[in-house]
Amino acid sequence: MDLSNNRVTTVQKIPQPKLLTLNLSNNRIYSCEDFNGHSALVTLNLRGNKLQNCIGICNLSQLQHLDLSFNQIESLEQLKNLPHLKKLDLNTNKLAELSGLPELPSLEHLDLSNNKIASKDFLRLLADYTKLKVLIMVGTPVAEELADHFKAEVLVSVGIELRDLKTLNEEEVAEEDYQGAEAERNERAKAKREAEEEAARLAAEKAAEEAAAAAAGQEPKQEEWLINTNLTVYFMGFWGFG
């Protein structure tokens, strides 16, 4: 069913139980809240609408292709029950982070291009997509900042989990890339371990120094107390108080 390039504003329940493809691209859709899934739909195209969230885009047990590109989506938390989804297009939305990523056990192709993702720390959150073959993050701040090092950083972060990754930002991922990432990961782990050991050593030294300083500080106080006591006794004897 093709309803693209119309003035549709909301997506309602679809009465056709055998519908396989639904094209709602380039409308004015701002809500899918009343949609709540479809048992047979394989392809759903919502490209070029006004969606800010994914409420109602759920319970699509047969869906394999979902296009949400060119919307205003800020969160993916409401995407649920999409067990067979293979391709998810989120190009040009307003995603600033990857927390709340949905469970997508069959995902092979993920396009996050032209979003606001800025931190490389979020890359670790992609580790659950173990079947991922294609990852696109062109135009994101994190990809632009890392530039030529982006592929290496992704593989260092999630290369162990994403062993099926073949293409990253339209660049081929070869076995030598995985090997280089493994070497870098091991080097970072070694550097972290050494840094932790050095920090522990310095902390122990500082604790020992503080203990020694405290002990040294107590001794004069004890000597001073003895001197003062002796003087008091002396003067008491001198003045006849004894």
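Right above here is the structure, for reference.
Residues numbered from 1 in each chain as written. Predicted model: local features only at pLDDT ≥ 70, side-chain atom pairs only at ≥ 80, totals over all residues. Heavy atoms only, no water.

(A) Region of interest: the overall build of the chain. In terms of helices and strands, the chain carries three helices and eight strands. Across the 242 residues of the chain, 36% fall into the buried class. By sequence separation, contacts in the chain at least 24 residues apart represent 28% of the contacts at least 6 residues apart. (Helix = DSSP H or I, 4+ residues; strand = E, 2+ residues; numbered from the N terminus. Buried < 20%, exposed > 50% of the residue type's maximum accessible area, 1.4 Å probe, protein only. Contact = heavy atoms within 4.5 Å.)

(B) The arrangement of the side chain of Asn71 in detail. If you trace the backbone, Asn71 turns up in the loop between strand 3 (65-67) and strand 4 (87-89). A distance of 3.0 Å separates a polar side-chain atom of Asn71 from the backbone oxygen of Leu46. Only 3.1 Å separates the side chain of Asn71 from the backbone oxygen of Leu68, close enough to count as a polar contact. Here Asn71 is in contact with Leu46, Arg47, Gly48, Asn49, Lys50, Leu51, Thr92 and Asn93, once residues within four sequence places are set aside. (Polar contact = N/O pair within 3.5 Å; in protein donor to acceptor, adjacent residues only side chain to side chain.)

(C) Broad picture of the nonpolar core. Ranked by size, the top nonpolar core spans 54 residues in total, and within it Leu46, Ile57, Leu66, Leu68, Leu88, Leu110 and Leu135 carry the most contacts. Put simply, the parts of the chain that give this core at least two residues each are helix 1 (141-146), helix 2 (150-158) and helix 3 (175-238). The dominant element in this core, judged by the number of residues it contributes, is helix 2, at five residues. Excluding anything up to four places from it in sequence, Leu88 contacts Leu66, Leu68, Leu79, Leu104, Leu107, His109, Leu110 and Asp111. (Core = buried A, V, L, I, M, F, W, Y, C linked by side-chain atoms within 4.5 Å.)

(D) Layout of the pattern of salt bridges. According to the stated counting rule, one finds eight salt bridges in the structure shown. Lys151 is the partner of Asp177 in a salt bridge, and the nearest nitrogen-oxygen pair spans 3.1 Å. Of this pair, Asp177 sits in helix 3 while Lys151 sits in helix 2, and the two are 26 residues apart along the sequence. Measuring nitrogen to oxygen at the nearest pair gives 2.4 Å for the salt bridge that ties Arg201 to Glu205. Residue Arg201 and its partner Glu205 are located together in helix 3, separated by four residues, close to a single helical turn. With relative accessibility at 38%, the residue Arg201 sits in the partly exposed group. Ionic contacts of the salt-bridge type, sharing partners, join the residues Lys151, Glu171 and Asp177 into one network. (Salt bridge = Lys/Arg side-chain N within 4 Å of Asp/Glu carboxyl O.)

(E) A negative patch on the surface, seen in detail. On the surface, Glu187, Glu194, Glu196 and Glu197 cluster together into a patch of negative charge. Position of Glu197 relative to the elements: it lies in helix 3. (Patch = residues over 30% accessible without salt bridge, like charges linked within 9 Å, V, L, I, M, F, W, Y side chains within 5 Å. Areas by Shrake-Rupley, 256 points an atom, 1.4 Å probe, with all protein chains shown as cover. Lys, Arg positive; Asp, Glu negative; His and termini not counted. Charge placed at Lys NZ, Arg CZ, Asp CG, Glu CD.)

(F) Looking closely at a positive patch on the surface. Residues Lys86, Lys131, Lys133 and Lys166 make up a contiguous surface patch of positive charge. When you line up the elements, Lys86 lands in the loop between strand 3 and strand 4.

(G) Highlighting helix 2. The buried fraction of helix 2 amounts to eight of the nine residues, a majority that puts the element mostly inside the structure. Buried residues of helix 2: Phe150, Lys151, Glu153, Val154, Leu155, Val156, Ser157 and Val158, and no others.

(H) Structural context of unusual backbone geometry. Notably, Asn26 is not glycine yet its phi reads approximately 55 degrees, a positive angle. Along the chain, Asn26 falls in the loop between strand 1 (21-23) and strand 2 (43-45). With phi around 55 degrees, Asn114 is a residue other than glycine that occupies positive phi space. By the element assignment, Asn114 lies in the loop between strand 5 (109-111) and strand 6 (134-136).

(I) View of the sheet that holds strand 7 (residues 167-168). Taken in spatial order, the eight strands line up as 1-2-3-4-5-6-7-8 in an open sheet, and their pairing is mixed. Edge positions in the sheet fall to strand 1 and strand 8 (171-172), since each of these pairs with one other strand and no more. By the bridge criterion, two bridges tie strand 6 to strand 7 in an arrangement that is parallel. When the bridges of strand 7 are listed, Leu135 appears paired with Leu168. (Pairing = 2+ DSSP bridges.)

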